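Listed here are the chains, written in short residue letters.
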Protein chains: 2
Amino acid sequence: MSDLVDLLREGLPEAAVVTDPEVTAAYRQDMAGFCSSGNPAVLVFPDTVDQVRHVMRTATALRVPVVPQGARTGLSGAANAVDGCILLSLVRMNRILEIDPVNRIAVVEPGVVNAALSQAVGVHGLTYPPDPSSWESCTIGGNIGTASGGLCCVKYGTTSEYVLGLDVVLADGELLRTGRRTAKGVAGYDLTRLLVGSEGSLGVVVGATLALRPSPPPQLALAAEFPSTAAACVAVCAVMEAGFTPSLMELMDTVSVRAVNSLAQMGLPDSTAALLLIAFDTLDPVADLAAAGEICTAYGATEVVPAADSAESELLLQARRLSLTAMDTLGTTMVDDVAVPRSELAAMIDGVAAIAERFDLTIGVVAHAGDGNTHPVVVFDASDPEETARARESFDAIMALGLELGGTITGEHGVGLLKREWLAREIGPVGVALQRRIKAAFDPLGLLNPGKVF
Amino acid sequence: MSDLVDLLREGLPEAAVVTDPEVTAAYRQDMAGFCSSGNPAVLVFPDTVDQVRHVMRTATALRVPVVPQGARTGLSGAANAVDGCILLSLVRMNRILEIDPVNRIAVVEPGVVNAALSQAVGVHGLTYPPDPSSWESCTIGGNIGTASGGLCCVKYGTTSEYVLGLDVVLADGELLRTGRRTAKGVAGYDLTRLLVGSEGSLGVVVGATLALRPSPPPQLALAAEFPSTAAACVAVCAVMEAGFTPSLMELMDTVSVRAVNSLAQMGLPDSTAALLLIAFDTLDPVADLAAAGEICTAYGATEVVPAADSAESELLLQARRLSLTAMDTLGTTMVDDVAVPRSELAAMIDGVAAIAERFDLTIGVVAHAGDGNTHPVVVFDASDPEETARARESFDAIMALGLELGGTITGEHGVGLLKREWLAREIGPVGVALQRRIKAAFDPLGLLNPGKVF
């Protein structure tokens, strides 16, 4: 171990190599529950691409596993330490290297915080759409690692759509450049998109060229109360089938509505079984909201409240933003992340309610409804081993239901440690075997984030 | 060889296995120039996934190379036969299996013609945006193989953005399913996007789940005449920088304008050095066109002609659509496909003019200007070996210029045979080595489309 630290120090500043166990322990985990973590040998904070290359060359020379980390806001355990590893934190590589308004691109280091990029490009009338809930603290490198989504995906897609090119340090320390600065390009295999969502298991992202978009007009939202989640889900499909493209379409079930209501006194009636939030950032959001509101009413909404302006919109959206915090007041929470075809959303949410009953647990659901991406939140008492075991079982039952409905075990949080046993159930043995061969093509010694994904 | 044919016939209908040399010779090539092709051993037209699996199992058993083909409208030689190969034509697998308006997806076989899909989804008020010039004959499988672009990319992106999942027969005959039917999903590596653009070298696409969009309003176009390509390119950047997102933004240089003018008597003045076409499919295209037209005038356009309606728009766009046909009347043509950052478009087009002068050739340029994707068209006398050699040299000089300007050797046509020597110059030795390892992970015997891409 001291060999490792000595070698690392040959290419890193003194302060960038941390062995104090109290500090390294604080970096052992991301925000996932139900996930173990190992004891890291050392924590490093490189500041340059060359320093990252030195870390990887050292790891390869000594056969030491490496776990890349951003802000550790992930929800799948992908950033958790493994025993004896180098924790490779990229947070100090946080420079925005270039914003190019003519070509609508930004070039950034991986540790740039999502919100910092949004703010910096906003000055140029541009936006970087991907907006995971943790956008005020999560890093672009972490977003790339998990192909992060967010509220805006229903209109603007996920991180995958915005990464044009990457600089990546490979397991052996070689520097790979993928992709391009151009709007289009098909020279060779699309390694950029293979790397996006690979959870640090194929290489260490040390730079990214990102596509930006013109800032849209401010979005305007409505809130619609429904007497059942089924009715709300039918309205979701009807709005989409009518050809609308909302900038946000979020659904909260009765558990999450009540939790928010009691935390923040939102004044929602107890009869609200589901709350649907729809926003438009079009040129005429008032007209679009009116039309979407009529669809909601036609499908059974008991009340439709359109916001008069951006400030009112934000108040409506607060209900959604507070939902996880509100459910945290009910007990320990574990957020699942199952996406189904939009048409199966009602079956999914009703199925989760049945699972909650079967396991005698509280499970609230918030969903990026336009994308069919549900976040069932399992609430349990972590001090009770039996209830904790039931919580884990219900968590797995939710994934099984998602697969039955033609969905995926993870819409945007990733596989990490949490869902690795489930991956094969979704993609099958041919897919797993091929993914393992691809992993070996990048990382023949298996040093990068071992034990994750597969 | 008769072993091969006998074995193929064990799993394919009699008529689906073709050995008549006159027929097989007709399938030897796609539409690329400067590309050789070999003598195929046999041509097969499977009708089902199982038949494709039988073809690949046979190929693996006998170690016979396989070249997958769609409509052979490609422009890089990727579909050209290699000696002794099985030509695997997917054109008979041309069923649209499902159109799902609620989830906005289509499930298709690879031989479905792009235009047939567009028409079929149009009935549901939906659109499949990718629109390569060959859209009336090219297949979705071919589009996936090359990650095809088209005129709409500046607003709607390329084929990569619309493929959610694939069914792929691997080299050994195993069936791989990638991706999903959901809007989002991050379970494992993104093999779907790795396969899109892989030119049949990693597997044989036998099915695709595609994302659709609501049909936009009909687009309305303007034509602007400029006294120099430089002025037109500055206008292109200014329109984009102002935050507009046109549905089409095409540029024609003086050579292509004159060729079209003399073919179709478009009545364009000889002083037109560049013609810029801009279209919007927004809710208020008249206003957007007026604003874009003002920008054109501000940057030197001598005349701006907005269309009054869709019919007039189509007439304006005819100039662009006729440009390759018009240049074909000047001699043998060879279409290049270099994309540069939009800000370098003027340097690229002026540089091509300098290359034309240096090699004493006619080279016209049409460009998907909004994307910085140029198609320089080299005109030469194919019966003159010396001029043909100069044409090839100028073609290469155009790629070198593209790379110098921070661009890519291929924006949308692919590498195939035509540009394989250039790939390493763009992606470097680390990238090439890694791509070869990925190829080996999929196809360890190197049977799928050998000699292409690398």
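Every value quoted in this text rests on a predicted model; they were computed, and no experiment measured them.

Engineer: Explain the overall build of chain A to me, using residue names and the numbers behind them.
Structural biologist: Along chain A, the regular secondary structure elements total 15 helices and 19 strands. Relative to a compact globule of 454 residues, whose C-alpha radius of gyration would be 22 Å, chain A shows 22 Å and is just as compact. Its C-alpha atoms put chain A at 70 × 60 × 40 Å along the principal axes. Counting all 454 residues of chain A, 61% fall into the buried class. Pairs at least 24 apart in sequence give 73% of the contacts found in chain A among residues at least 6 apart. Of the roughly 15,800 Å² of accessible surface on chain A, 53% is carried by carbon and sulfur atoms.

Engineer: Explain the UniProt feature "domain: FAD-binding PCMH-type" (unreviewed entry) in chain A residue by residue, including any values.
Structural biologist: Here the UniProt feature "domain: FAD-binding PCMH-type" (unreviewed entry) sits at residues 36-215 of chain A. This span, residues 36-215 of chain A, is 22% helix and 24% strand, and a straight line between its end C-alpha atoms measures 41 Å.

Engineer: Let's hear about the interface of chain B and chain A: which residues, and what values?
Structural biologist: On the chain A side, the residues contacting the 74 residues of chain B number 73 residues. With both sides pooled, the region where chain B packs onto chain A buries about 5,700 Å², and carbon together with sulfur makes up 60% of that total. Counting the surface chain B buries against chain A, the share from its top three residues, K184, V186 and Y189 of chain B, is 17%. Its salt-bridge partner being K184 of chain B, residue E412 of chain A comes within 2.7 Å of it at the nearest N-O pair. Along the contact surface separating chain B from chain A lie 26 residue pairs in polar contact (both at pLDDT 80 or more). Listed by contribution, the elements that provide at least two residues to the side of chain B that touches chain A are β9 (175-179), α7 (191-195), α8 (229-241) and α15 (420-442) of chain B. Sort the elements by how many residues they give to the side of chain B that touches chain A and α15 of chain B lands first, with 12 residues. Tallied by class, residues from the side of chain B that touches chain A come to 32 nonpolar, 26 polar and 16 charged.

Engineer: Hey, could you go over the side chain of S201 of chain A for me, with residue numbers and the actual values?
Structural biologist: For S201 of chain A, the position within the fold is in the loop between α7 (191-195) and β10 (204-211). A relative accessible area of 1% places S201 of chain A in the buried class. Side-chain polar atoms of S201 of chain A contact the side chain of Y189 of chain B, separated by 2.7 Å. If near-sequence neighbours (up to four positions away) are discounted, S201 of chain A is found in contact with K439, D443, L448, N449 and V453 of chain A together with Y189 of chain B.

Engineer: Pulling in residues and values, what's your account of unusual backbone geometry?
Structural biologist: Residue and element names in this part refer to chain A. In this structure, F34 takes a positive phi of about 55 degrees despite not being glycine. Topologically, F34 is positioned in the loop between α2 (21-26) and β2 (42-44). Looking at F34, the relative accessible area reads 27%, which means it is partly exposed.

Engineer: Mind laying out the sheet that holds strand β8 (residues 163-169) of chain A, listing which residues take part and the relevant values?
Structural biologist: Residues and elements named next belong to chain A. Across the sheet, which stays open at both edges, the 5 strands sit in the order β5-β6-β10-β8-β9 with antiparallel pairing between neighbours. Strands with a single pairing partner mark the edges of an open sheet, and in this sheet they are β5 (96-100) and β9 (175-179). Adjacent strand axes in the sheet meet at a mean angle of 10 degrees, parallel and antiparallel pairs treated alike. Across 5 bridges, the pairing between β8 and β9 is antiparallel. What sits directly across from L166, in β9, is T178.

Engineer: I'd like a description of the sheet that holds β2 of chain A, backed by residues and values.
Structural biologist: All names here are of chain A. Read across the open sheet, the 4 strands follow the order β1-β2-β4-β3; overall the sheet is mixed. One side of each edge strand has no neighbouring strand; the edge strands of this open sheet are β1 (17-18) and β3 (66-69). Each of β2, β3 and β4 (86-89) touches helix α3 (residues 49-62); the most contacted strand, β4, lies at about 165 degrees to it.

Engineer: Help me get a handle on the relation of the copies chain B and chain A, residues and values and all.
Structural biologist: Structural alignment of chain B on chain A gives an RMSD of 0.0 Å, achieved by rotating through 180 degrees and translating 0.0 Å along the axis. Viewed as a symmetry operation, the transformation between the two copies matches a two-fold axis. Looking at the interface residues of chain B, 99% of them are also at the interface in chain A, so both copies use one shared face.

Engineer: An account of the pattern of salt bridges is needed here, citing residue identities and associated values.
Structural biologist: Residues and elements named next belong to chain B. A complete count under the given rule lists 34 salt bridges over all chains for this structure. The salt bridge partner of K419 is D336, with a shortest N-O separation of 2.6 Å. In this pair, K419 sits in the loop between α14 (385-404) and α15 while D336 sits in the loop between β16 (332-335) and β17 (338-339), placing the two residues 83 residues apart along the sequence. As far as the burial class goes, K419 and D336 line up, both buried. A salt bridge links K439 to D443, with the nearest nitrogen and oxygen atoms 2.8 Å apart. Taking the relative accessible area as the measure of exposure, K439 reaches 12% and is therefore buried.

Engineer: Can you break down the packing of α8 of chain B against helix α10 (residues 285-298) of chain B residue by residue, with the values?
Structural biologist: All names here are of chain B. Where α8 meets α10, the closest approach of the two axes is 9 Å, and the angle between their N-to-C directions is 140 degrees. One element, α8, and the other, α10, form an angle in the oblique class. Like other packed secondary-structure pairs, α8 and α10 cross with a definite hand, here right-handed. Counting all contacts with α8, which are made through A235, A238 and V239, the residues of α10 involved are A292, I295 and C296. Looking at the contact of α8 with α10 residue by residue, the class counts come to 6 nonpolar, no polar and no charged.

Engineer: Describe the environment of P306 of chain A, and please don't skip the residues or the numbers.
Structural biologist: Residues and elements named next belong to chain A. Note that P306 resides in strand β15 (residues 303-306). You can call P306 partly exposed: its relative accessible area is 48%. For the pair P306 and A290, spaced 16 residues apart in sequence, the C-alpha separation works out to 7.8 Å. Dropping the residues within four chain positions of it, P306 is found in contact with A221, L222 and E312.

What counts as what
- Residues numbered from 1 in each chain as written.
- Chains lettered and ligands numbered in written order.
- Predicted model: local features only at pLDDT ≥ 70, side-chain atom pairs only at ≥ 80, totals over all residues.
- Heavy atoms only, no water.
- Helix = DSSP H or I, 4+ residues; strand = E, 2+ residues; numbered from the N terminus.
- Rg over C-alpha atoms; globule rule 2.2 N^0.38 Å.
- Buried < 20%, exposed > 50% of the residue type's maximum accessible area, 1.4 Å probe, protein only.
- Contact = heavy atoms within 4.5 Å.
- Areas by Shrake-Rupley, 256 points an atom, 1.4 Å probe, with all protein chains shown as cover.
- UniProt positions renumbered as here; feature names shortened; annotations may be inferred.
- Buried area = accessible area lost by both parts, 1.4 Å probe.
- Salt bridge = Lys/Arg side-chain N within 4 Å of Asp/Glu carboxyl O.
- Polar contact = N/O pair within 3.5 Å; in protein donor to acceptor, adjacent residues only side chain to side chain.
- Nonpolar A, V, L, I, M, F, W, Y, C, P; charged D, E, K, R; others polar.
- Pairing = 2+ DSSP bridges.
- Axes fitted to C-alpha atoms, helices over the stretch in contact; angles between N-to-C directions.
- Least-squares fit on C-alpha atoms with pLDDT ≥ 70 in both.
- Parallel < 35°, antiparallel > 145°, perpendicular 65-115°, else oblique.
- Left-handed = near helix turned anticlockwise from the far one by under 90°.

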